[in-house]
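So the chains spell out like this:
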Amino acid sequence: MKTKQVTFDGETKSIAEWARACGVTPDIFYKRIYRGASVADILVWYNDRKLLTMNGKKKKHDVKSEATPEETKTPLQTAVETRATRKETASQKSQIDALVNELARVKKELDASLNLRGITPSKEIDYRPLVNDTESIAVALASDWHIEEIVKSQWANGLNEYSLKLAEKYAELFFVNTLKLVEKERATSKIDTLVLGLLGDFITGNLHLENLETCQLRPIEAAIKAEEWLVAGINYLLKNSDLNLIIPCSVGNHSRITDKVHFATERGNSLEYMMYYHMANHFVGEVRVRFYIPDSYLGYLDLNGYTLCFQHGHGIRYGGAYGGITTSVVKKVRMWEQGRKADLYVFGHHHTQLDGGFFMANGSLIGYGARSAAFGYGFEPRQQTFFLINLKYKRKS
């Protein structure tokens, strides 16, 4: 009986000879040739098995017959997988291109709307109105509203839901409840002034690729809507009370039109910076309203010798440290106070409400969402912060 000969790369050998050359048994070699594999396929397959053996993923000299993934796939399956990979790559590219184009468009509109280089920074405000021992200043913090972002119930394990319509409702409640709290505290304290801290991230913008899918408005539209709601809220406070309003403003990281935060020029690249100046111009003739829009990351208010330092909070990196954000705040404050000290530091950004004694972290209006769950943040309901500062004893309550 004549032995079957196989030719490869100009060389002809028997099944047994090629099997020895490939490092497999004649039976395995014959089966693979019978299935349509070439000698080259068998050599590549055997070398891959040897590499796996060296890495400890398979037992040494394990040459039991098994079909390789390439052999079991049909041409149709290979074509489908290749096409799916190409579609996924094309989809990612189109998302990135859309985000880049959106950033370019927003920057162009922002430059056309307001020449930020010509704006003079607000002057720092000193407040020294002490009349009697019971005089206090009320402070309300507003931040992290993310008005145009959607949170579906299933994305937050049924713990929260949020939309543009709900955001408008909660924004109205913020101002209504703020005034209720002021009136309640007036029973025991003299309160003539409310510090309304606008600490940023009223909009979500297109900071992340996923925001192209989860936002109901484009960044410019969201900034216009947020401005309308804030102006309406300030008008509500003016109409329904005799309060004087001091409004310190900080820009959030979500309102930027740059890929990364540019701390030195952050305000010039922020939709919220433009929004705050529009609001300040709107109330320019109202003697009971004073805006403070600093041209630096940190802003300071001197309230009868009690210094309040405000910021958005994205300069404080949490990083999951033991002790929550307190550890990170302590480190930052230690560095800041090498230059200028404050009695109380207020900020938002972390969607966590916490009274840390020397700092006050604000919660969020959007509440718990998909990113909160993904990054391991504990559940926290939507909430904003209200407290008093006693001007005589220089302490908050």
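Refer to the structure presented above.
Residues numbered from 1 in each chain as written. Predicted model: local features only at pLDDT ≥ 70, side-chain atom pairs only at ≥ 80, totals over all residues. Heavy atoms only, no water.

Trainee: Even after reading the chapter, I still don't get the packing of helix α1 (residues 15-22) against helix α2 (residues 26-34), so can you show me in this structure?
Mentor: Helices that pack against each other are described as a pair by the angle of their axes relative to one another and the distance between those axes. At a minimum axis separation of 8 Å, α1 and α2 run at an interaxial angle of 105°. When the axis of α1 is compared with that of α2, the two are roughly perpendicular. Where α1 approaches α2, its residues I15, A16, W18, A19 and C22 are matched on the opposing element by P26, F29 and Y30. Classifying every residue of the contact of α1 with α2 by side-chain character gives 8 nonpolar, no polar and no charged. (Axes fitted to C-alpha atoms, helices over the stretch in contact; angles between N-to-C directions. Helix = DSSP H or I, 4+ residues; strand = E, 2+ residues; numbered from the N terminus. Parallel < 35°, antiparallel > 145°, perpendicular 65-115°, else oblique. Contact = heavy atoms within 4.5 Å. Nonpolar A, V, L, I, M, F, W, Y, C, P; charged D, E, K, R; others polar.)

Trainee: Mind showing me how you'd approach the pattern of salt bridges here?
Mentor: Pairing between side chains of opposite charge can happen when the charged atoms of each approach one another. Within this structure, the stated rule accounts for 5 salt bridges. For D242, the salt bridge goes to R186, with nearest N and O atoms at 2.8 Å. Of the two residues, D242 is situated in the loop between α8 (219-240) and β6 (244-248) and R186 in the loop between α6 (164-185) and β5 (190-198); the sequence distance between them amounts to 56 residues. Between E228 and K225 there is a salt bridge whose closest N-O contact spans 3.8 Å. Pair noted here: E228 and K225 are both in helix α8, with a separation of 3 residues, about one helical turn. For E228, a relative accessible area of 42% corresponds to the partly exposed category. Among the charged side chains, a salt-bridge network with shared partners connects E183, R186 and D242. (Salt bridge = Lys/Arg side-chain N within 4 Å of Asp/Glu carboxyl O. Buried < 20%, exposed > 50% of the residue type's maximum accessible area, 1.4 Å probe, protein only.)

Trainee: Can you walk me through the sheet that holds β5 in this structure?
Mentor: Strand-to-strand pairing in sheets goes through backbone hydrogen bonds, with the strands running parallel or antiparallel. One open sheet holds the 6 strands; their spatial order is β7-β6-β5-β4-β13-β14, and the pairing between them is mixed. Every interior strand has two partners, whereas the edge strands, β7 (289-292) and β14 (395-396), have only one. Against the sheet, α8 touches β5, β6 and β7, its axis set at about 155° to β6. (Pairing = 2+ DSSP bridges.)

Trainee: I would appreciate a short explanation of the packing of aromatic side chains in the present structure.
Mentor: What describes a pair of aromatic rings is the distance from one ring centre to the other and the angle between the planes of the rings. Summed over all chains, the structure comprises 12 aromatic pairs. Between the aromatic rings of Y273 and Y277, the centroid separation amounts to 5.1 Å while the plane-to-plane angle is 75°, which identifies the pairing as edge-to-face. Taken together, the residues span about one helical turn, with Y273 and Y277 both in helix α9 (residues 271-282) at a distance of 4 residues. You can call Y273 buried: its relative accessible area is 3%. (Phe/Tyr/Trp six-rings, centres within 6.5 Å; stacked < 30°, edge-to-face > 60°.)

Trainee: In this structure, what is going on with the packing of α8 against α9? I would like to understand it.
Mentor: Relative to each other, α8 and α9 sit at 35°, their axes nearing to 10 Å. Taken as a pair, α8 and α9 cross one another with a handedness that is right-handed. Of α9, the residues touching α8 (which contributes P219, I220, A223, A226, E227, L230, V231, I234 and N235) are L271, M275, H278, M279 and H282. Tallied by class, the residues present in the contact of α8 with α9 amount to 10 nonpolar, 3 polar and 1 charged. (Left-handed = near helix turned anticlockwise from the far one by under 90°.)

Trainee: How do you make sense of the pairing of β6 when you look at a structure like this?
Mentor: Every other side chain in a regular strand lies on the same face of the sheet, so the side chains alternate between the two faces. Within β6, 4 of the 5 residues are buried, which leaves it mostly tucked inside the rest of the structure. Pairing of β5 with β6, which is carried by 3 bridges, proceeds in the parallel orientation. Bridging across to β6, T193 finds its partner in N244.

Trainee: Looking at this structure, I do not really get the side chain of N362. What am I missing?
Mentor: Within the element layout of this structure, N362 appears in the loop between β12 (359-361) and α11 (370-374). Using a relative accessible area of 0% as the deciding quantity, one classes N362 as buried. A polar atom in the side chain of N362 sits 2.9 Å from the side chain of S143. A distance of 2.7 Å separates polar atoms of two side chains, one belonging to N362 and the other to T385. Apart from the residues lying within four places of it in its own chain, the contact partners of N362 are L141, A142, S143, F347, G348, H351, T352, Q353, Q383, Q384 and T385. (Polar contact = N/O pair within 3.5 Å; in protein donor to acceptor, adjacent residues only side chain to side chain.)

Trainee: Sorry if this is basic, but what is going on with the environment of G324 here?
Mentor: For G324, the location among the structural elements is in the loop between β9 (306-310) and α10 (325-336). Residue classification places G324 among the partly exposed positions, given a relative accessible area of 24%.

Trainee: Looking at this structure, I do not really get α9. What am I missing?
Mentor: Along an α-helix, residues three or four apart share an orientation, since each turn contains 3.6 residues. Over its 12 residues, α9 runs 17 Å from end to end, which matches the ideal 16 Å to within 8%, given 1.5 Å per residue. Across the 12 residues of α9, 9 count as buried, placing the element largely inside the fold. Inspection of α9 places L271, E272, Y273, M274, M275, Y276, Y277, M279 and A280 among the buried residues, and these make up the whole buried set. (Expected span 1.5 Å × (residues − 1).)

Trainee: Help me understand unusual backbone geometry, please; the structure alone is not making it clear to me.
Mentor: With the exception of glycine, most residues fall at negative phi, and the peptide bonds are largely trans. Here H146, not a glycine, exhibits a phi torsion of approximately 50°, which is positive. Inspection of the secondary structure puts H146 in the loop between β4 (135-142) and α6. Judged by relative accessible area, H146 falls into the buried class, the value being 3%. One non-glycine residue, D201, lies in the positive phi region at around 60°. Assignment of secondary structure puts D201 in the loop between β5 and α7 (211-214). Accessibility expressed as a relative area gives 1% for D201, which makes it buried.

Trainee: Help me out: how do you make sense of the nonpolar core in this one?
Mentor: Considering soluble globular proteins, one finds that nonpolar side chains tend to be buried as a cluster. Residues W145, L198 and I234 are the most contacted members of the largest nonpolar core, which totals 55 residues. Those elements giving two or more residues to this core turn out to be β4, α6, β5, α8, β6, α9 and β7. By residue number, the principal contributor to this core is α8, which donates 10 residues. Excluding its chain neighbours within four sequence positions, the residues that come into contact with L198 are A142, L230, I247, P248, C249, S250, Y276 and M279. Counting 18 residues, the second largest nonpolar core, distinct from the first, contains I137, V139, L141 and I246. (Core = buried A, V, L, I, M, F, W, Y, C linked by side-chain atoms within 4.5 Å.)

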